[in-house]
Every structure is written in structure tokens, then in C-alpha cells.
Amino acid sequence: MNEKEFLPRVAMSIHAHPDDQEFTVAGTLARWARLGCRVVSVIVTSGDAGSNDPARDAAYKPELASLREAEQSAANQVLGIAETVFLRYPDGELEPTIALRRDLTQLIRVHKPEAVVIGDPQAVFYGNGYINHPDHRAAAQAALYAAFPSAGTRLIFTDLLEAGHEPHNVKRVYIHGSEKPDTWVDITGTLDVKITALKKHVSQLGDWDPDKMIREWAKEEGKDHGLEYAEAYKVMVLEEEKPEN
Ligand SMILES: [Zn+2]
């Protein structure tokens, strides 16, 4: 990456489940937060399907949701995130609906992020071993189209306009998990907090220590780009920065 590093003043991270952000983009968010960016974290479902314990049934879901929200809030505190929003859509049943896109459009118009950070709405398969969770794709697709065109187009969702939410143009969309990344963010200084934040998701990790895997992923992403540890993105540049002076 030859251009000067882009540092948003406000960024919004939008993901389907508690822990998605920590597995993927948390090093970038922590870096930006340290450099003065106000980061807003939007969690679309509260992960209420995240248990295969045979002793549990539907009655456990509200309890699990509040447990996972607490874990996410703790993770976000570690990362230096300014605000966390839980939209509480049902886990495992997410679709990229107009209702979801509208909710995300409202959040973008309220918080006015320069950068929106999401997963890859095109990713169905990762290698031969992982089918991307459909909630991840649904959240990413709804967020992508909230960022563009919905947030910036005055006459899309005119009920939002009537409620005082003027259009806002997002400058960049950072898409993690793309097969063709073009931007590598240096997370050498924030890898440790990424791992610490991920470890807050105790209900999901159990006894497993993610340290080695996260470190290897970050090393792999950085190695051809002169970085010890990195997170890789495809970045859509919707509005160029004005040159300084
Ligand atoms: Zn997930």
C-alpha cells in the first residue's frame, strides 16, 4: 500500500454475531481507536443460537443473548470502542431484508461514519472446510447497501428523512474476508488486544485458546506486505480524500 494510510474520524463495524468482529477486524478497530477514531460497533443478532449443549432448549435463548451481549461489551471495552449497538435480530435466521437495511441506514445517518467495516457478502465457501454462515453474508449485504446507496440517497427511506436523519455519504467500505484483498492494515501493535478481546467470548471459546490461530492468521496476511501482523481487506473507495492544502 503506497498511499498514505486512511484513518477515519468515525468508523462503524457491522457484524452478524457477538465474536465475529473479534475473529476478523478487531485489530484494525483497536488501531483506529488508539489513533483517535470514534468506533461504533453494531451487532445484528445477539448470538442466541450459539449453544449446542443438549441440556438447553429455546427457553435458554434470552439468557444466552444477554450473556453474549455482556461478552461483546467487554470485548469492545478492551478494543477502545466508543459505542455498541445491539439490533437483536434472531440468530441463525438472518436475511438481508429492507427492514435490516433501513435499521443500518438509520445508524449510519446518526453516527456519520467515514468508514464502514463489514464481512464479504459474496463469500459462500472458504476453502473446502468452511461454509460461510448465512447470517454473516446477510449482515454484510444489508450493511453494504446501507452504506451505499441508502445512507446517502435522500429519497430512500423517507421516513428516516422525516425523522430528521439527513443523508450521509460513507467514504470507504472495508470488506474483510475477501478472496481478493487490496489493503493490509498493520495490526502489529494491536494483535494482543485483539486476542484479549476475543477471549472475552467465553461462552463460545470454552477451554480453547485462540492465541495461536489468530496470530498465525495475522502473520499470514501480513507476510507478503512487509507487516509482522495484518488484517486484509478489499476497500471500496466511494469518496476520495481531498488533498491536504
Ligand atoms: Zn458469526
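The residue numbering used here restarts from 1 in each chain and proceeds along that chain's sequence as written. Given that this is a predicted model, residues contribute local features only at a pLDDT of at least 70 and side-chain atom pairs are listed and counted only at 80 or more, while totals for whole chains, interfaces and linings are drawn from all residues. In computing side-chain properties, one takes all heavy atoms of the structure into account and sets aside hydrogens as well as water.

Engineer: I tried to follow the coordination of the zinc ion on my own but got confused; where do I start?
Structural biologist: Octahedral metal centres with six donors ideally show angles of 90 or 180 degrees, and tetrahedral centres with four donors ideally show 109.5 degrees. Atoms of type N, O and S within 2.8 Å of a metal are treated as its donors, and for Na, K and Ca the window is 3.2 Å; water is not considered, so some sites may appear to be missing partners. The protein atoms that coordinate the zinc ion are H17 (ND1), D20 (OD) and H136 (NE2), at distances spanning 2.0 to 2.2 Å. Written as a sequence motif, the donor arrangement for the zinc ion is H-x2-D-x115-H. In this pair, D20 sits in helix α1 (residues 20-24) while H136 sits in helix α5 (residues 134-150), placing the two residues 116 residues apart along the sequence. Given the relative accessible area of 10%, D20 is considered buried. With a 1.4 Å probe rolled over the protein chains alone, any residue whose accessible area is under 20% of its type maximum counts as buried; one over 50% counts as exposed, and the rest are partly exposed. H136 sits in the partly exposed class, given a relative accessible area of 21%. Only DSSP runs of H or I covering at least 4 residues are called helices, and only runs of E covering at least 2 are called strands; the numbering of each starts at the N terminus.

Engineer: When you look at the packing of helix α3 (residues 61-79) against helix α7 (residues 191-198) in this model, what are you seeing that I'm missing?
Structural biologist: The description of two helices packed together rests on the angle between their axes and the distance between the axes. Orientation is described by axes fitted as lines to C-alpha atoms, over the contacting stretch for helices, and by angles from 0 to 180 degrees between their N-to-C directions. Look at α3 against α7: their axes get within 8 Å of each other, and the N-to-C directions meet at 165 degrees. Here α3 is positioned roughly antiparallel relative to α7, judged by the angle of their axes. As α3 runs across α7, the sense of the crossing is right-handed. Contacts from A75, V78 and L79 of α3 reach α7 at V193, K194, T196 and A197. Residues of the contact of α3 with α7, tallied by class, amount to five nonpolar, one polar and one charged. When describing relative orientation, an angle under 35 degrees is termed roughly parallel and one over 145 degrees roughly antiparallel, while 65 to 115 degrees is termed roughly perpendicular and anything else oblique. Handedness of a helix crossing follows the sense of rotation of the near helix relative to the far helix, less than a right angle counterclockwise being left-handed and clockwise being right-handed. Contacts were defined at the residue level, with two residues in contact if any of their heavy atoms lie within 4.5 Å. Following the grouping adopted for this structure description, the nonpolar residues are Ala, Val, Leu, Ile, Met, Phe, Trp, Tyr, Cys and Pro, the charged ones are Asp, Glu, Lys and Arg, and the polar ones are all others, Gly among them.

Engineer: How should I be thinking about the layout of surface pockets in this particular structure?
Structural biologist: Sizing a probe to match a water molecule and rolling it over the atoms shows the empty space that remains. Of the grid points, spaced at 1 Å and generated over the protein atoms alone, those admitting a 1.4 Å probe that cannot get out make up cavities, while open sets with protein on both sides within 12 Å along at least five of seven lines make up pockets; any residue with an atom within 4 Å of a point is treated as lining. Grid points are joined across faces, edges and corners, and a volume is the space filled by probe spheres set on the points. Considered as a void within the structure, the largest pocket measures approximately 1,000 Å³ in volume. In terms of lining, the largest pocket is formed by 37 residues, of which the most central are T24, Y126, Y130, H136 and H176. For the lining of the largest pocket, the elements supplying multiple residues, two or more each, are β1 (10-15), α1, α5, α9 (211-222) and β9 (230-237). The element best represented in the lining of the largest pocket is α9, accounting for four residues. Considered class by class, the residues forming the lining of the largest pocket number 15 nonpolar, 12 polar and 10 charged.

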